[in-house]
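Chain by chain, the residues run as shown.
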Amino acid sequence: MWEVMLPQDFSKLEVIGEGKTKIVRRMENPDLVLLEFKDAITALDGEKKDTLTGKGHINARISSFLFEFLSKEGVPTHYVSFIEPNYMVVRRLKMLPVEIVCRNIAAGSFTKKYPVKAGSRLKYPVVEYYLKDDLRHDPMMNEDHIVVLGILPSIEEVKEIKELTLKVNKSLSNFLDSKGITLVDFKLEFGKDKDGKICIGDEINGDSMRLWDKETGRVLDKDVYRQGKKLSEVLETYRECYKRIIGEEPKV
Ligand code: TMP
Ligand code: ASP
């Protein structure tokens, strides 16, 4: 019974996948998997790497909190439950090798590629698709690419993902605004559950969103690490992000 398993026992569960910041473990129930959030922080497709004690807890908790919020808003997600300090039980999905980015304000790669003023609000939210492929440095794709490469069977399903992304943008923007935070942009990953239903997977936290303080413009996300700030400042930023969203001090 996974519900009564102590966290230290989780290390005995078979590892079925590992990424830069998470470990995926098999659970007794074949429809579920356990995500363990590591204290690792990376940028530049993993070329820059560090350990930030407590980051795994912070990101697992924020993700769980935001997935719970989105589920209540009627968005299908893989989320099942949070287990202290850094675990999330999720439904097993067949993940699509695509990152979907949604932008409200010009920042990051968008300002590097296009002639647009950094920090300016876009006329309407822009949705972009990237192939998840570190060796190819995640090339951008359009909707046709997703179908032609066989990632999804039809353009209708691509549109479904786009609509879900825009719905998440609305819900999350409103929620974060109530916490004094501007949602600048974010990245989602989708998968299909055992019934073929498209759901949001992976994580939603300061690694996958750009968050700015509404009043001061202070950066509350992983950009401080991408910009090369001291690790103590990076950790303080993650702690602040937790405090704002969860409304209490992180337990680390
Ligand atoms: P970008 O401006 O670098 O393209 O990033 C857009 C958003 O996507 C930003 O909120 C950070 C997030 N993101 C990830 O979650 N993973 C990634 O690998 C990259 C490049 C961006
Ligand atoms: N996710 C990528 C990495 O960890 C890039 C980034 O988030 O900036 O390398």
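Residues numbered from 1 in each chain as written. Chains lettered and ligands numbered in written order. Predicted model: local features only at pLDDT ≥ 70, side-chain atom pairs only at ≥ 80, totals over all residues. Heavy atoms only, no water.

Engineer: Let's hear about the site of ligand 1: which residues, and what values?
Structural biologist: The immediate surroundings of ligand 1 are formed by 14 residues, with Arg103, Ser109, Asp185, Lys187 and Arg210 found nearest. Arginine 210 places a side-chain nitrogen or oxygen 2.9 Å from an oxygen atom of ligand 1. Protein contacts shield 77% of the accessible area of ligand 1, which totals 450 Å² for the unbound molecule. Taken together, the residues of the shell around ligand 1 sort by class into four nonpolar, three polar and seven charged. (Near = heavy atom within 4 Å. Polar contact = N/O pair within 3.5 Å; in protein donor to acceptor, adjacent residues only side chain to side chain. Areas by Shrake-Rupley, 256 points an atom, 1.4 Å probe, with all protein chains shown as cover. Nonpolar A, V, L, I, M, F, W, Y, C, P; charged D, E, K, R; others polar.)

Engineer: Can you break down the site of ligand 2 residue by residue, with the values?
Structural biologist: Near ligand 2 you find Lys20, Thr42, Ala43, Leu44, Asp45, Gly46, Lys222 and Arg226, and these make up its full shell. Within the side chain of threonine 42, an N or O atom sits 2.3 Å from an oxygen atom of ligand 2. With respect to ligand 2, the side chain of lysine 222 contributes an N or O atom lying 2.9 Å from an oxygen atom. For ligand 2, the accessible surface in isolation is 260 Å², of which the surrounding protein chains cover 71%. Classifying every residue of the shell around ligand 2 by side-chain character gives two nonpolar, two polar and four charged.

Engineer: Residues and numbers for helix α4 (residues 155-178), please.
Structural biologist: For α4, which comprises 24 residues, the first-to-last C-alpha distance of 35 Å matches the rise-based estimate of 34 Å (1.5 Å per residue) to within 8%. What α4 keeps buried is the set Glu157, Val158, Ile161, Leu164, Thr165, Val168, Asn169, Ser171, Leu172, Phe175 and Leu176. At the C-terminal side of α4, glycine 180 shows a positive phi close to 80°. (Helix = DSSP H or I, 4+ residues; strand = E, 2+ residues; numbered from the N terminus. Expected span 1.5 Å × (residues − 1). Buried < 20%, exposed > 50% of the residue type's maximum accessible area, 1.4 Å probe, protein only.)

Engineer: Pulling in residues and values, what's your account of the pairing of strand β4 (residues 40-43)?
Structural biologist: Of the two faces of β4, the one carrying Ala40 and Thr42 and the one carrying Ile41 and Ala43 are both buried. Taking the residues between adjacent antiparallel strands as the criterion, β4 and strand β5 (residues 48-51) are bridged by four residues, where leucine 44 takes a positive phi near 55°. (Pairing = 2+ DSSP bridges.)

Engineer: Describe the pattern of salt bridges, with residues and values.
Structural biologist: Two side chains carrying opposite charge are able to pair once their charged atoms lie near each other. The final tally for this structure, using the stated rule, is 31 salt bridges. Ionic pairing is found between aspartate 177 and lysine 214, a salt bridge with its closest N-O pair at 3.3 Å. Of the two residues, aspartate 177 is situated in helix α4 and lysine 214 in the loop between β15 (209-213) and α5 (223-226); the sequence distance between them amounts to 37 residues. The partly exposed category is assigned to aspartate 177, whose relative accessible area is 38%. (Salt bridge = Lys/Arg side-chain N within 4 Å of Asp/Glu carboxyl O.)

Engineer: Run through the environment of glutamate 203, naming residues and quoting values.
Structural biologist: By the element assignment, glutamate 203 lies in the loop between β14 (198-200) and β15. With relative accessibility at 7%, the residue glutamate 203 sits in the buried group. Each C-alpha atom, one on glutamate 203 and one on leucine 52, is 18 Å from the other, the two residues being 151 residues apart in sequence. A distance of 3.2 Å separates the side chain of glutamate 203 from the side chain of lysine 22, its partner in a polar contact.

Engineer: If you had to explain the packing of aromatic side chains to someone new, which residues and values would you point to?
Structural biologist: One pass over the full model with this rule turns up five aromatic pairs. On the basis of an interplanar angle of 80° and a centroid distance of 4.7 Å, the ring pair of phenylalanine 10 and tyrosine 87 is categorised as edge-to-face. Here the residue phenylalanine 10 occupies a position in the segment before β1 (15-18), and tyrosine 87 occupies one in strand β7 (residues 87-91), the gap between them amounting to 77 residues. Phenylalanine 10 gets classed as buried once you look at its relative accessible area, which sits at 1%. A relative accessible area of 9% means that tyrosine 87 is categorised as buried. (Phe/Tyr/Trp six-rings, centres within 6.5 Å; stacked < 30°, edge-to-face > 60°.)

Engineer: Before we move on, can you summarise the sheet that holds strand β9 (residues 98-105) with the specific residues and values?
Structural biologist: Spatially, the five strands line up as an open sheet ordered β11-β10-β9-β12-β15, and their pairing is antiparallel. Lying at the two open borders of the sheet, with one neighbouring strand each, are β11 (140-141) and β15. Where β9 and strand β12 (residues 181-188) come together, four bridges link them in antiparallel fashion. Bridge pairing in β12 places valine 101 opposite lysine 187.

Function cannot be read off these values alone, since they describe shape.
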